[in-house]
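# Structural overview for review
Letter by letter, the chains look like this.
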Amino acid sequence: METIEHKTVTANGINIHIAEKGQGPLVLFLHGFPELWYSWRHQILYMAAHGYRAVAPDLRGYGDTTGAPVHDSTKFTSLHVVGDIIALLDAIAPDEKQVFVVAHDWGAVLAWFLCLYRPDRVKAYVSLSVHFIPRNPKMKTIETMRKYFGDDHYICRFQEPGDIEAEFAQIGVREVVKKLLTHRHPGALYFPKGKGFGSFPDTSDTLPSWLSEEDVDYYTSKFEKNGFTGGINYYRALDLNWELTAPWTGAQVKVPTKFIVGDLDLVYHIPGVKEYVQGGGFKKDVPLLDEVVVMEGVAHFLNQEKPDDINQHILEYIKKF
């Protein structure tokens, strides 16, 4: 880990912290919530050892990336973040027209938008956990979530500024980080008001083998310093994203893609997702989808839970290009 280099790049009006290692074709890693560049620690070392330049930023609102107006969720749309990514690539790899992208969770959502807006910049994409989600022109995102899951669903609870932050503060940053990263229940995630993690079926305080106390310490230190608002803003911008992406309704993603998901992933268990991924809808929207991998007994944070398998999947795919 100490061989990973850290630097700050000023791009798109913010100061983007990146972790990087290696020389060769660039592989850009994009993290999710509640995560950081650190989520890719295993992949950075592996890809660097196999002839690639691995780069993992802290996305706007996270970790050591500064300058984004954290208390204005309207500055956290896909257009803002894809703007950050393009400006970052222009700054750190001006001679590389296209790069490889690997992304997870919210990072995967944003990488789908990157592929939609700027397919000319992506050589190939490995998406973890979150499939492409075509825009529904008839119903806004939060309205859809409320209809199917109710007001206690975590995405709905995240909408009111300051509400979930206050609840997380009562629980404690370390406990929030630990509970979210180790959650393995494949059903919908709920935060009933005032009940904290009381509705979670997993109550074990023992960390899994893939997550150490030192790992939790690192995440905790950054979220204690900056709070969770930056990351939660991505959820609060969902409806604004829906409005802004109207021109891309029905558009296909035309980038070579590999999709990997765990069979215990809560995203994979959203009603209709398995049918979409396996039944032809996904391939229709992403015609260059090469492969779908469903990992048995693996939950949402698969790049940390099964790093060796994920590393091999990534390398195996990008070596084709």
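Structural notes, computed from the coordinates. Treat the numbers as computed from the prediction; the structure is a model and nothing was measured. Per-chain numbering applies: the sequence of each chain, read as written, is numbered from 1 onward. The model is predicted, so local features are restricted to residues of pLDDT at least 70 and side-chain atom pairs to those at 80 or more, both for listing and for counting; the totals for chains, interfaces and linings are taken over all residues. Side-chain descriptors were evaluated using all non-hydrogen atoms of the structure, hydrogens and water having been removed beforehand.

## Quick look at helix α3 (residues 106-117)
- Where helices and strands are cited, they refer to DSSP runs of H or I of at least four residues and of E of at least two residues respectively, numbered from the N terminus. Working rule for helices: expected span equals 1.5 Å times residues minus one. With twelve residues, α3 extends 16 Å between its outermost C-alpha atoms, agreeing within 8% with the 16 Å of an ideal straight helix rising 1.5 Å per residue.
- Three labels apply to residues, based on accessible area from a 1.4 Å probe with only protein chains included: buried if under 20% of the type maximum, exposed if over 50%, partly exposed otherwise in between. Restricting attention to buried positions, one finds in α3 the residues Trp106, Gly107, Ala108, Val109, Leu110, Ala111, Trp112, Phe113, Leu114, Cys115, Leu116 and Tyr117.

## Side note on the side chain of Asp84
- Mapped onto the elements, Asp84 comes out in helix α2 (residues 78-92).
- Take Asp84: its relative accessible area is 5%, and that puts it in the buried class.
- Under this definition, polar contacts are N or O atom pairs within 3.5 Å; protein pairs additionally need one hydrogen-donor-capable and one acceptor-capable atom, and for neighbouring residues in sequence, both atoms have to be side-chain atoms. Polar side-chain contacts of Asp84 include one of 2.7 Å to the side chain of Arg60.

## Brief notes about the layout of surface pockets
- Put simply, the largest pocket is a space of about 1,500 Å³.
- Every residue lining the largest pocket is counted, 47 residues in all, and those nearest its centre are His131, Ile133, Thr141, Met145 and Ile270.
- Those elements giving two or more residues to the lining of the largest pocket turn out to be α3, α4 (141-149), α5 (154-157), α10 (238-244) and α11 (273-278).
- Each residue is assigned to one of three groups, with Ala, Val, Leu, Ile, Met, Phe, Trp, Tyr, Cys and Pro labelled nonpolar, Asp, Glu, Lys and Arg labelled charged, and all others, Gly among them, labelled polar. Taken together, the residues of the lining of the largest pocket sort by class into 33 nonpolar, eleven polar and three charged. Definitions used throughout: a 1 Å grid over protein atoms alone; a cavity as a set of points that fits a 1.4 Å probe which cannot get out; a pocket as an open set with protein on both sides within 12 Å along at least five of seven lines; a lining residue as one with an atom within 4 Å of a point. Grid points are joined across faces, edges and corners, and a volume is the space filled by probe spheres set on the points.

## Things to note about the packing of helix α1 (residues 41-49) against helix α14 (residues 307-318)
- The angle between two axes is taken between their N-to-C directions and runs from 0 to 180 degrees, where each axis is a line fitted to C-alpha atoms and a helix contributes only its stretch in contact. In the contact formed by α1 and α14, the axes pass within 10 Å of each other and the chain directions differ by 45°. Here α1 lies oblique to α14, going by the angle between them. The handedness of the crossing between α1 and α14 comes out as right-handed. Two secondary-structure elements touch here, α1 through His42, Gln43, Tyr46 and Met47 and α14 through Pro307, Ile310, Asn311, Gln312, Ile314, Leu315 and Ile318. If an angle is under 35 degrees, it is roughly parallel; if it is over 145, roughly antiparallel; if it lies from 65 to 115, roughly perpendicular; otherwise it is oblique. Whether a crossing is left-handed or right-handed is set by the direction in which the near helix is turned from the far one by less than a right angle, anticlockwise for left-handed and clockwise for right-handed. Contact definition: two residues touch when any of their heavy atoms are within 4.5 Å.

## Overview of the sheet that holds strand β1 (residues 5-11)
- With mixed pairing, eight strands are arranged side by side in an open sheet as β1-β2-β4-β3-β5-β6-β7-β8. Two strands lie at the open edges of the sheet, namely β1 and β8 (289-295), each paired on one side alone. Neighbour-to-neighbour, the strand axes of this sheet turn through a mean angle of 20°, independent of strand direction.
- Sitting on the sheet, α1 touches β2 (14-21), β3 (26-30) and β4 (53-57), and the angle it makes with β2 is about 55°. Pairing between two strands is assigned when DSSP locates at least 2 bridges connecting them.

## Some words on the packing of helix α6 (residues 163-171) against helix α9 (residues 229-236)
- Contact geometry for α6 and α9: axes closest at 11 Å, N-to-C directions at 145°. With respect to the hand of their crossing, α6 and α9 are arranged in right-handed fashion. Between α6 and α9, the contacting residues are Ile164, Glu165 and Phe168 on the first element and Thr229, Ile232 and Arg236 on the second.
- Partitioning the contact of α6 with α9 into residue classes produces three nonpolar, one polar and two charged.

## Quick look at the pattern of salt bridges
- A pair is scored as a salt bridge if a Lys or Arg side-chain nitrogen falls within 4 Å of a carboxyl oxygen belonging to Asp or Glu. Scanning all chains against the criterion turns up 19 salt bridges.
- When the shortest N-O distance is used, the salt bridge between Asp84 and Arg60 registers 2.7 Å. Placement of the pair is Asp84 in helix α2 and Arg60 in the loop between β4 and α2, with a sequence separation of 24 residues.
- With its nearest N and O atoms 3.3 Å apart, the salt bridge here joins Lys258 to Glu316. Here Glu316 lies in helix α14 and Lys258 lies in strand β7 (residues 257-262), a separation of 58 residues in the sequence.
- According to the relative accessible area criterion, Lys258 is buried, its value standing at 0%.
- Relative accessible area serves as the criterion here: at 45%, Glu316 is assigned to the partly exposed category.
- Salt bridges linked by common partners bring Arg157, Asp163, Glu167 and Lys193 together as one network.

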